[in-house]
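Chain by chain, the residues:
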Amino acid sequence: MSTRAVATAHSIVGFTTCACLLIFYATGEPFGSINDVGNAALGMLSLVLAWLVHPSKLLVGITAVGTVLTIVGTVLVMSGITGYYLAGLWSSAGFALIGVWLVGSARQVGRAGLVAGVVMLLGLIGVPGIFLGIDDLDTAPVWTFVAGASWAGTYLLFPAWSLRLARQDRAESVA
(Lines give C-alpha, C1' and ligand atoms only; values in the text may rest on other atoms or scores of the structure.)
Protein backbone atom coordinates (compact mmCIF):
# COMPACT_ATOMS: atom_id res chain seq x y z
CA MET A 1 0.00 0.00 0.00
CA SER A 2 1.59 3.26 -1.08
CA THR A 3 1.53 6.46 0.91
CA ARG A 4 0.59 8.33 -2.25
CA ALA A 5 -2.52 6.18 -2.87
CA VAL A 6 -3.72 6.38 0.74
CA ALA A 7 -3.07 10.13 0.90
CA THR A 8 -5.00 10.64 -2.34
CA ALA A 9 -7.94 8.58 -1.07
CA HIS A 10 -7.82 10.45 2.27
CA SER A 11 -8.00 13.85 0.60
CA ILE A 12 -10.85 12.78 -1.70
CA VAL A 13 -12.85 11.31 1.18
CA GLY A 14 -12.19 14.35 3.37
CA PHE A 15 -13.24 16.94 0.81
CA THR A 16 -16.21 14.86 -0.36
CA THR A 17 -17.40 14.34 3.21
CA CYS A 18 -17.22 18.09 3.80
CA ALA A 19 -19.11 18.79 0.57
CA CYS A 20 -21.81 16.29 1.56
CA LEU A 21 -22.33 18.08 4.86
CA LEU A 22 -22.79 21.40 3.08
CA ILE A 23 -25.15 19.87 0.52
CA PHE A 24 -27.07 18.16 3.34
CA TYR A 25 -27.72 21.52 5.02
CA ALA A 26 -28.94 22.92 1.70
CA THR A 27 -31.01 19.96 0.43
CA GLY A 28 -31.27 17.20 3.07
CA GLU A 29 -30.79 13.47 2.78
CA PRO A 30 -29.10 11.32 1.60
CA PHE A 31 -26.13 13.66 2.02
CA GLY A 32 -26.18 13.59 5.83
CA SER A 33 -25.87 9.81 5.80
CA ILE A 34 -23.09 9.98 3.22
CA ASN A 35 -21.31 12.49 5.46
CA ASP A 36 -21.67 10.14 8.43
CA VAL A 37 -20.17 7.20 6.55
CA GLY A 38 -17.46 9.52 5.22
CA ASN A 39 -16.46 10.44 8.78
CA ALA A 40 -15.81 6.80 9.63
CA ALA A 41 -13.95 6.23 6.35
CA LEU A 42 -11.84 9.35 6.94
CA GLY A 43 -10.97 8.10 10.41
CA MET A 44 -9.89 4.71 9.03
CA LEU A 45 -7.79 6.27 6.27
CA SER A 46 -6.19 8.54 8.87
CA LEU A 47 -5.06 5.49 10.81
CA VAL A 48 -3.47 4.01 7.70
CA LEU A 49 -1.72 7.33 6.99
CA ALA A 50 -0.43 7.46 10.55
CA TRP A 51 1.07 4.02 10.14
CA LEU A 52 2.66 4.87 6.79
CA VAL A 53 3.97 8.35 7.58
CA HIS A 54 5.15 8.05 11.19
CA PRO A 55 4.66 4.61 12.68
CA SER A 56 5.42 5.50 16.31
CA LYS A 57 3.60 2.83 18.31
CA LEU A 58 2.32 5.39 20.81
CA LEU A 59 1.07 7.87 18.20
CA VAL A 60 -0.45 5.16 16.02
CA GLY A 61 -2.15 3.77 19.14
CA ILE A 62 -3.63 7.18 19.94
CA THR A 63 -4.73 7.46 16.31
CA ALA A 64 -6.36 4.01 16.55
CA VAL A 65 -8.40 5.14 19.55
CA GLY A 66 -9.37 8.27 17.62
CA THR A 67 -10.42 6.14 14.66
CA VAL A 68 -12.64 4.03 16.89
CA LEU A 69 -14.30 7.19 18.23
CA THR A 70 -15.01 8.43 14.69
CA ILE A 71 -16.68 5.11 13.95
CA VAL A 72 -18.64 5.27 17.24
CA GLY A 73 -19.94 8.71 16.23
CA THR A 74 -21.11 7.32 12.90
CA VAL A 75 -22.80 4.30 14.50
CA LEU A 76 -24.50 6.46 17.13
CA VAL A 77 -26.12 8.81 14.64
CA MET A 78 -26.90 6.29 11.90
CA SER A 79 -28.55 3.89 14.35
CA GLY A 80 -30.58 6.65 15.97
CA ILE A 81 -29.04 6.02 19.40
CA THR A 82 -28.14 9.71 19.59
CA GLY A 83 -28.79 12.78 17.54
CA TYR A 84 -26.25 14.38 15.27
CA TYR A 85 -24.90 16.80 17.87
CA LEU A 86 -23.76 14.24 20.42
CA ALA A 87 -22.52 11.92 17.69
CA GLY A 88 -20.55 14.86 16.29
CA LEU A 89 -18.92 15.41 19.68
CA TRP A 90 -17.81 11.76 19.64
CA SER A 91 -16.43 12.08 16.12
CA SER A 92 -14.70 15.40 16.76
CA ALA A 93 -13.05 13.91 19.86
CA GLY A 94 -11.84 11.05 17.67
CA PHE A 95 -10.42 13.41 15.08
CA ALA A 96 -8.80 15.40 17.89
CA LEU A 97 -6.89 12.27 18.89
CA ILE A 98 -5.87 11.84 15.26
CA GLY A 99 -4.71 15.46 15.51
CA VAL A 100 -2.44 14.36 18.37
CA TRP A 101 -0.65 12.16 15.84
CA LEU A 102 -0.18 15.11 13.47
CA VAL A 103 1.15 17.36 16.23
CA GLY A 104 3.41 14.61 17.57
CA SER A 105 4.72 13.94 14.06
CA ALA A 106 5.49 17.57 13.22
CA ARG A 107 8.92 16.73 11.77
CA GLN A 108 7.36 14.19 9.42
CA VAL A 109 4.17 16.06 8.47
CA GLY A 110 5.55 19.58 8.16
CA ARG A 111 3.93 22.87 9.05
CA ALA A 112 0.66 22.22 7.19
CA GLY A 113 0.14 18.91 9.01
CA LEU A 114 0.99 20.55 12.33
CA VAL A 115 -1.53 23.37 11.77
CA ALA A 116 -4.23 20.86 10.79
CA GLY A 117 -3.48 18.84 13.92
CA VAL A 118 -3.63 21.86 16.22
CA VAL A 119 -7.03 22.90 14.83
CA MET A 120 -8.28 19.32 15.13
CA LEU A 121 -7.24 19.30 18.81
CA LEU A 122 -10.08 21.76 19.49
CA GLY A 123 -12.36 18.71 19.36
CA LEU A 124 -11.09 17.76 22.83
CA ILE A 125 -12.99 20.73 24.26
CA GLY A 126 -16.22 18.85 23.50
CA VAL A 127 -15.30 15.73 25.50
CA PRO A 128 -17.17 16.89 28.64
CA GLY A 129 -20.24 17.28 26.41
CA ILE A 130 -20.04 13.56 25.64
CA PHE A 131 -20.15 12.69 29.34
CA LEU A 132 -22.95 15.22 29.89
CA GLY A 133 -24.93 13.75 26.99
CA ILE A 134 -25.32 17.11 25.25
CA ASP A 135 -27.36 16.41 22.13
CA ASP A 136 -29.30 19.58 21.37
CA LEU A 137 -27.76 22.36 19.33
CA ASP A 138 -30.24 24.93 20.66
CA THR A 139 -29.35 24.36 24.31
CA ALA A 140 -25.70 23.35 23.95
CA PRO A 141 -23.23 25.42 25.98
CA VAL A 142 -21.11 27.89 24.03
CA TRP A 143 -17.91 25.96 24.73
CA THR A 144 -19.18 23.03 22.64
CA PHE A 145 -19.22 25.33 19.62
CA VAL A 146 -15.48 25.84 20.06
CA ALA A 147 -15.13 22.08 19.67
CA GLY A 148 -17.09 22.41 16.44
CA ALA A 149 -14.33 24.61 15.02
CA SER A 150 -12.16 21.50 14.94
CA TRP A 151 -14.05 20.38 11.84
CA ALA A 152 -12.19 23.04 9.83
CA GLY A 153 -9.03 21.09 10.57
CA THR A 154 -10.66 17.73 9.89
CA TYR A 155 -12.53 18.62 6.69
CA LEU A 156 -10.29 21.25 5.12
CA LEU A 157 -6.76 21.47 6.50
CA PHE A 158 -6.13 17.73 7.01
CA PRO A 159 -7.37 16.70 3.52
CA ALA A 160 -5.39 19.60 2.00
CA TRP A 161 -2.28 18.32 3.77
CA SER A 162 -2.90 14.77 2.57
CA LEU A 163 -3.40 16.03 -1.00
CA ARG A 164 -0.03 17.73 -0.75
CA LEU A 165 1.45 14.51 0.65
CA ALA A 166 0.05 12.57 -2.31
CA ARG A 167 1.99 14.83 -4.65
CA GLN A 168 5.29 14.15 -2.90
CA ASP A 169 7.64 11.27 -3.62
CA ARG A 170 8.20 10.62 0.09
CA ALA A 171 6.33 11.51 3.27
CA GLU A 172 9.48 13.10 4.71
CA SER A 173 9.56 15.70 1.92
CA VAL A 174 6.27 17.30 3.06
CA ALA A 175 7.97 19.75 5.44
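Residues numbered from 1 in each chain as written. Predicted model: local features only at pLDDT ≥ 70, side-chain atom pairs only at ≥ 80, totals over all residues. Heavy atoms only, no water.

Caption draft 1: How the structure looks around helix α3 (residues 57–78). Taking 1.5 Å per residue, 22 residues should reach 32 Å; α3 reaches 31 Å between its end C-alpha atoms and fits that length. Buried within α3 are the following residues: L59, V60, T63, G66, T67, L69, T70, G73, T74 and L76. On its buried side, α3 packs onto α2 (31–53) and α4 (84–104). Just downstream of α3, G80 is the residue with a positive phi angle, here 80°. (Helix = DSSP H or I, 4+ residues; strand = E, 2+ residues; numbered from the N terminus. Expected span 1.5 Å × (residues − 1). Buried < 20%, exposed > 50% of the residue type's maximum accessible area, 1.4 Å probe, protein only. Contact = heavy atoms within 4.5 Å.)

Caption draft 2: Region of the structure containing the environment of H10. In this structure, H10 sits in helix α1 (residues 3–27). With relative accessibility at 0%, the residue H10 sits in the buried group. Sequence spacing of H10 and L137 is 127 residues, and the spatial spacing of their C-alpha atoms is 29 Å. In this structure the side chain of H10 is engaged in a polar contact, spanning 3.1 Å, whose partner is the side chain of S46. (Polar contact = N/O pair within 3.5 Å; in protein donor to acceptor, adjacent residues only side chain to side chain.)

Caption draft 3: A look at the confidence of the model for the chain. Averaged over every residue, the pLDDT of the chain is 94; the share at 70 or more is 96%. Here helix α7 (residues 142–148) is the element of the chain with the lowest mean pLDDT, 93, and α3 is the one with the highest, 98. Every residue in residues 171–175 scores below 50 in pLDDT, and together they form 14 contacts with partners more than four places removed in sequence or on other chains. (pLDDT = per-residue confidence, 0-100.)

Caption draft 4: Structural detail: the side chain of T74. Here T74 lies in helix α3. Leaving out residues up to four positions away in the same chain, T74 has contacts with D36, V37, N39, A40 and S91.

Caption draft 5: Molecular detail of the packing of α3 against α4. At a closest axis distance of 8 Å, the pairing of α3 and α4 adopts a crossing angle of 165°. One element, α3, and the other, α4, form an angle in the roughly antiparallel class. The crossing of α3 and α4 is left-handed. By residue class, the composition of the contact of α3 with α4 is 16 nonpolar, nine polar and no charged. (Axes fitted to C-alpha atoms, helices over the stretch in contact; angles between N-to-C directions. Parallel < 35°, antiparallel > 145°, perpendicular 65-115°, else oblique. Left-handed = near helix turned anticlockwise from the far one by under 90°. Nonpolar A, V, L, I, M, F, W, Y, C, P; charged D, E, K, R; others polar.)

Caption draft 6: The arrangement of the packing of aromatic side chains in detail. A complete count under the given rule lists eight aromatic pairs for this structure. Judged by centre distance (5.0 Å) and plane angle (35°), the ring pair of W151 and Y155 falls under tilted. Of this pair, W151 and Y155 both sit in helix α8 (residues 150–166), four residues apart, which is roughly one turn of that helix. (Phe/Tyr/Trp six-rings, centres within 6.5 Å; stacked < 30°, edge-to-face > 60°.)

Caption draft 7: Structural context of the side chain of H54. Structurally, the position occupied by H54 is in the loop between α2 and α3. Owing to a relative accessible area of 18%, H54 belongs among the buried residues under this scheme. Side chain to side chain, H54 and S105 meet in a polar contact 2.9 Å long. Apart from the residues within four sequence positions on either side, H54 is in contact with L49, L59, V60, W101, G104, S105 and Q108.

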